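# Coordinate analysis (summary)
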Amino acid sequence: QVQLVESGGGLVQTGGSLRLSCAASGRTFSMYAVGWFRQAPGKEREFVAAIKWSSGSTSYADSLKGRFTVSRDNAKNAVYLQMNSLKPEDTAVYSCAARMALGGAYNYWGQGTQVTVSS
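Attention in this report is confined to the structure presented alongside it. (Residues numbered from 1 in each chain as written. Predicted model: local features only at pLDDT ≥ 70, side-chain atom pairs only at ≥ 80, totals over all residues. Heavy atoms only, no water.)

In terms of nonpolar packing, the biggest core is built from 30 residues, with Trp36, Leu81, Met83 and Tyr94 touching the most fellow members. Mapped onto this core, the elements with two or more residues apiece are strand E1 (2-7), strand E3 (18-26), strand E4 (33-39), strand E5 (46-52), strand E7 (68-73), strand E8 (78-83), strand E9 (92-99) and strand E11 (113-118). Among residues more than four places away in sequence, those in contact with Tyr94 are Glu6, Leu20, Trp36, Phe37, Arg38, Val48, Phe68, Leu81, Met83, Gly112, Thr113 and Val115. (Core = buried A, V, L, I, M, F, W, Y, C linked by side-chain atoms within 4.5 Å. Buried < 20%, exposed > 50% of the residue type's maximum accessible area, 1.4 Å probe, protein only. Helix = DSSP H or I, 4+ residues; strand = E, 2+ residues; numbered from the N terminus. Contact = heavy atoms within 4.5 Å.)

Turning our attention to the pairing of E5. Inspection of the sheet shows E4 paired to E5 by 6 bridges, in the antiparallel sense. Among the inter-strand pairings, Arg38 is bridged to a residue of E5, identified as Glu46. Between the end of E4 and the start of E5, which pair antiparallel, lie 6 residues, with Gly42 showing a positive phi angle near 75°. Sheet topology places E5 next to strand E6 (residues 58-60); 3 bridges connect them, and they run antiparallel. The partner of Ala50 across the bridge, within E6, is Ser59. The turn linking E5 back onto E6 is made up of 5 residues, and Gly56 within it adopts a positive phi angle of 80°. (Pairing = 2+ DSSP bridges.)

Right under this line is the structure:
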C-alpha cells in the first residue's frame with residue numbers, strides 16, 4: 001500500500017507560479033513511478049507529468065513542456081510539480097498517483113489539490 005497526500009494548491013494570477021508537493025508513505029520503495037494528473041470541471045482527467053522513482057527520468061504532456069517541471073526527493077519520499085507561467089486553462093484539481101510496475105496502472109491516488117489561475 002502507498003498513501004499519497006498533495007499540497008501547495010491555491011489561487012494565483014495569470015503568469016504566476018506554484019509548486020505542488022506529493023508526500024508518499026507506505027511501500028514507497030516499491031514505487032516504479034509517480035505521476036501528476038489534472039482534471040478541470042467538465043473535462044476528463046489528463047496526464048501532466050511523471051517521474052521514475054529510482055532513476056528520476058521524467059516525461060511530460062507535450063502541451064506543458066517548458067512550463068512544468070517534475071522532480072523528486074527520495075529521502076523525503078516526496079515528488080514536486082513546479083508550475084510556471086500559469087494560464088487560466090491550467091485551472092484544475094491536480095492529483096498525484098503511483099504506479100508500482102512498468103506498464104502497470106496508477107493504482108494509488110492522492111485526494112487532489114485545487115489550482116485556480118485568475119485572469
